[in-house]
Amino acid sequence: MLAQAEDSWIDFNVGLFLDQFWSNTVDGLAYGSIYALIALGYTLVYGVLRLINFAHSEIFITGAFGAYFAMEALGLKPGPTARLGILEIIGFLLLMMAVAMIISGVSAVVLERVAYRPLRKRNAPTLVFLITAVGASFVIQQLFFVSRGANPEPALRLIRPTEVFTVFGARVTNIQLLVFVAALLLLVVADQFINRSRLGRGVRAVAQDPVTATLMGVNRERVIMLTFLIGGVLAGAAAVFYLLQIPQGVVYNGGFLLGIKAFTAAVLGGIGNLRGALLGGLLLGVVENYGQSLLGGEWRDIVAFVLLIVILMFRPTGILGESLGKARV
Amino acid sequence: MALLELNKMCVHYGRIQALSDITLHVEEGEIVSLIGANGAGKTTTMRAVSGIRPLSGGSVVFDGQDISKLRADLRVVRGISQSPEGRGVFPGMTVLENLEMGCYTRKDRAAIAEDFERVFDLFPRLAERKSQVGGTMSGGEQQMVAIGRALMARPRLLLLDEPSMGLAPQFIQQIFRIVKEINEQGTTVLLVEQNAQQALSRAHRGYVLETGRVVKTGTGAELLADPSIKEAYLGVA
């Protein structure tokens, strides 16, 4: 009796964990790169404004809806994977990316204009920004609920997952490879932009010392807009990668848990640190998969957040620590 | 016509009046020093001229134009640059990147290259440490970065807020010598200092601030010779 009760709530399945280790790693990296892309938006805005933009998860889901409707409008039907030539697939994919990135980028900038800038003009205290962020998140989410209902949209399948190669026996699909490589590429571009370009230098200056940045002729408002734009555009890309990987279609609250995970990833890597967002995202994606196979599916989120708490206990500033404010990379 | 004119400039922090009717002017080619005790309003004056502190009265006129309402970042384009109190070196940027921030608003590549040479000429130490990160430098070196960075804007008016603060005596001498040199190369300087001796002896003219007001003005030599100033600011009874 006792043993059974114990058995029923926690059970270490070491055999399964070892069996699935490499496939969990592959899946985790592919899914974690989505976390990383979203995490960058949290981290950039935090670096510049010291604000956790909780509505970022809804910027992400807005892009996902945008890409979804664009595909539908172009004649992609729900159901089995569409029979398309490789060029058509690439075309659809690029178009989806463009639409999602533009929609997410623009909505991030609009959100900043409508919700945060007026508060900044009035020197509102930090708490007010935080509540506004949470409020904006719910408003956008519920707008999708009201207009699209509680059920997920039917899934549009653009690419049939096929094995490209195997790593230690774990299969890597074309979708996973595409998502991982494309996400990494986007993150490298963003990182180079922030660290090498003139505008990127302006962003870092505002993050490190906003008053002195102004004395150098940096327009802080423009920098803020730019960081929301970059964060939004990357969230839009993440939205497309998300649509490619999930079995069902987009749903109104699909951004919520993903957003919290991405935020967790940002904190895990060191909030305000671009490379920390990447590391945190990949790590979180992989570890929650390990937890899932070791303990069971319902443990996935528990493992993710316990990981966060444990790491923060030992490294309160996250793994890579330094913020955009100080980071020199 | 003066390069910079402050006309009855007032600044409030909330309800507290920090500056009352500050009237002063800086002619093209001058070094003008503002001296005064802590809290006299020297730094607030600099912030108001740069536009990061709004006026509650009066006006700031630069090169004949009222810039009282002009955004701070656009004042840099007009030709006002500042080395702020506490230096404001970007801690996560290298010396080179800090200097590049100084010419953030400029696009004239050839002239920028000249200005890099000029700054490295004035501060050879910075040339040696181009890739050192700002946050790891000594106070004196950070001061060089801050002044060099302000020069990279190729300003018509250079605002220096407490360049000697926290520096070892040999550094103080060196910094003031360089300020003189910068001025002789044609840049107008408005200098804020607690080190009144140095500031006044290098300046063409000076103003004395007390609790947000101008209480005395004159040439550097006149102010240095003034008995009340000697007593209050120069530590001579």
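Since the structure is predicted, the reported quantities are computational estimates derived from the model, not experimental observations.

**Q** Could you give an account of the overall build of chain A, with specific residues and numbers?
**A** Within chain A, the secondary structure is distributed over 13 helices and 2 strands. In terms of overall dimensions, chain A is globule-like: its C-alpha atoms have a radius of gyration of 20 Å, near the 20 Å expected for 329 residues. Structurally, chain A occupies a C-alpha span of about 65 × 50 × 40 Å along its principal axes. Going through the 329 residues of chain A one by one, you find that 54% of them count as buried. Taking as baseline every contact in chain A between residues at least 6 positions apart, the subset at least 24 positions apart corresponds to 80%.

**Q** Could you give an account of the packing of helix α8 (residues 198-208) of chain A against helix α3 (residues 95-102) of chain B, naming the residues involved and the relevant values?
**A** Between α8(A) and α3(B), the shortest axis-to-axis distance is 11 Å and the interhelical angle comes to 100 degrees. By the angle class used here, α8(A) and α3(B) are roughly perpendicular. On the side of α8(A), the interface is formed by Arg201(A), Gly202(A), Arg204(A) and Ala205(A), while α3(B) contributes Glu97(B), Glu100(B) and Met101(B). Within the contact of α8(A) with α3(B), the residues separate by chemical class into 2 nonpolar, 1 polar and 4 charged.

**Q** Describe in detail a negative patch on the surface, supporting the description with residues and values.
**A** On the surface, a cluster of negative charge is made up of Glu117(B), Asp121(B), Glu181(B) and Glu184(B). Contributions of two or more residues to the negative patch are made by α4 (109-122) and α7 (169-184) of chain B.

**Q** Can you lay out the sheet that holds strand β10 (residues 213-219) of chain B for me, pointing to particular residues and giving the numbers?
**A** Residue and element names in this part refer to chain B. The 6 strands are arranged β6-β7-β8-β3-β9-β10 in an open sheet whose pairing can be described as mixed. Here the strands that pair on one side only, and so sit at the sheet edges, are β6 (80-83) and β10. Direction aside, the axes of adjacent strands within the sheet are offset by 20 degrees on average. As paired elements, strand β3 (residues 31-36) and strand β8 (residues 188-193) share 5 bridges and run parallel to each other. Of the residues in β8, the one forming a bridge with Ser33 is Leu191. Sitting on the sheet, α7 is in contact with β3, β7 (157-161) and β8, with an inclination near 155 degrees to β8.

**Q** Please give an account of the packing of helix α4 (residues 56-73) of chain A against helix α10 (residues 220-245) of chain A that cites residues and values.
**A** Residues and elements named next belong to chain A. In the contact formed by α4 and α10, the axes pass within 8 Å of each other and the chain directions differ by 55 degrees. Accordingly, the angle class assigned to the pair α4 and α10 is oblique. Viewed along their axes, α4 and α10 form a crossing whose handedness is right-handed. Across from His56, Ile59, Phe60, Ile61, Gly63, Ala64, Ala67 and Tyr68 in α4, the residues of α10 making contact are Gly231, Gly232, Ala235, Ala238, Ala239, Val240, Tyr242 and Leu243. Along the lines of polarity and charge, the residues of the contact of α4 with α10 split into 12 nonpolar, 4 polar and no charged.

**Q** Before we move on, could you go through the packing of aromatic side chains and cite the residues and values that matter?
**A** Inspection of every chain in the model, using the stated rule, returns 15 aromatic pairs over all chains. Between Phe17(A) and Phe21(A), the aromatic rings sit 5.9 Å apart at their centres with planes inclined by 85 degrees, giving edge-to-face as the arrangement. On the accessibility criterion, Phe17(A) (18% relative accessible area) is buried. Taking the centre distance of 6.0 Å and the plane angle of 25 degrees together, the rings of Phe65(A) and Phe69(A) count as stacked. A residue pair is termed a helical-turn pair when its members lie 3 or 4 positions apart in one helix, as Phe65(A) and Phe69(A) do in helix α4 at 4 residues. Sitting above the plane of the Tyr104(B) ring, Arg198(A) keeps its charged end 4.2 Å from the centroid.

**Q** Lay out the nonpolar core with the relevant residues and their values.
**A** Core analysis: the largest hydrophobic core is formed by 104 residues, its most contacted members being Ile34(A), Leu37(A), Phe60(A), Tyr116(A), Leu158(A), Phe241(A) and Tyr242(A). Once you skip the residues sitting within four places of it in the chain, Leu158(A) turns out to touch Leu76(A), Thr81(A), Leu84(A), Ile89(A), Phe92(A), Leu93(A), Met96(A) and Leu244(A). Counting residues in each nonpolar core, the second largest holds 42 residues, with Cys103(B), Phe116(B), Leu126(B) and Tyr233(B) among its members.

**Q** Explain empty space enclosed by the protein to me, using residue names and the numbers behind them.
**A** All names here are of chain B. As enumerated under the stated definition, the model contains 2 cavities of 30 Å³ or more in all. For the lining of the second largest cavity, the secondary structure elements donating two or more residues are α2 (72-78) and β6. In terms of residue class, the lining of the second largest cavity is built from 4 nonpolar, 3 polar and no charged.

**Q** An account of the environment of Glu58(A) is requested, with residue identities and associated values reported.
**A** Residue and element names in this part refer to chain A. Note on placement: Glu58 falls in helix α4. Classification of Glu58 by relative accessible area gives buried; the value is 0%. Each C-alpha atom, one on Glu58 and one on Tyr252, is 8.8 Å from the other, the two residues being 194 residues apart in sequence. The residues touching Glu58, leaving out its near neighbours within four places in the chain, are Ser137, Ile140, Gln141 and Phe256.

**Q** Got a sec to walk through the layout of surface pockets? Specific residues and values, please.
**A** Of the voids in this model, the largest pocket is the one considered here, and its volume is about 1100 Å³. Taken together, 26 residues form the lining of the largest pocket, with Arg220(A), Glu221(A), Gly51(B), Ile52(B) and Pro54(B) sitting closest to its centre. If you list the elements that add at least two residues to the lining of the largest pocket, you get α5 (86-121), α9 (210-215) and α10 of chain A together with β4 (57-62) and α2 of chain B. Of the residues contributing to the lining of the largest pocket, the split by class is 7 nonpolar, 8 polar and 11 charged. Taken as a whole, the second largest pocket encloses approximately 360 Å³ of empty space. In terms of lining residues, the second largest pocket is bounded by 23 residues, among which Ile175(A), Leu243(A), Leu244(A), Gln245(A) and Ile246(A) are the most central.

About the cut-offs
Residues numbered from 1 in each chain as written. Chains lettered and ligands numbered in written order. Predicted model: local features only at pLDDT ≥ 70, side-chain atom pairs only at ≥ 80, totals over all residues. Heavy atoms only, no water. Helix = DSSP H or I, 4+ residues; strand = E, 2+ residues; numbered from the N terminus. Rg over C-alpha atoms; globule rule 2.2 N^0.38 Å. Buried < 20%, exposed > 50% of the residue type's maximum accessible area, 1.4 Å probe, protein only. Contact = heavy atoms within 4.5 Å. Axes fitted to C-alpha atoms, helices over the stretch in contact; angles between N-to-C directions. Parallel < 35°, antiparallel > 145°, perpendicular 65-115°, else oblique. Nonpolar A, V, L, I, M, F, W, Y, C, P; charged D, E, K, R; others polar. Patch = residues over 30% accessible without salt bridge, like charges linked within 9 Å, V, L, I, M, F, W, Y side chains within 5 Å. Areas by Shrake-Rupley, 256 points an atom, 1.4 Å probe, with all protein chains shown as cover. Salt bridge = Lys/Arg side-chain N within 4 Å of Asp/Glu carboxyl O. Lys, Arg positive; Asp, Glu negative; His and termini not counted. Charge placed at Lys NZ, Arg CZ, Asp CG, Glu CD. Pairing = 2+ DSSP bridges. Left-handed = near helix turned anticlockwise from the far one by under 90°. Phe/Tyr/Trp six-rings, centres within 6.5 Å; stacked < 30°, edge-to-face > 60°. Lys NZ or Arg CZ within 6 Å of the ring centre and 35° of its normal. Core = buried A, V, L, I, M, F, W, Y, C linked by side-chain atoms within 4.5 Å. 1 Å grid on protein atoms, 1.4 Å probe; cavity = no way out; pocket = protein on both sides within 12 Å on 5 of 7 lines; lining within 4 Å. Points joined across faces, edges and corners; volume = space filled by probe spheres on them.

Spatial relationships are all this shows, so hold off on functional conclusions.
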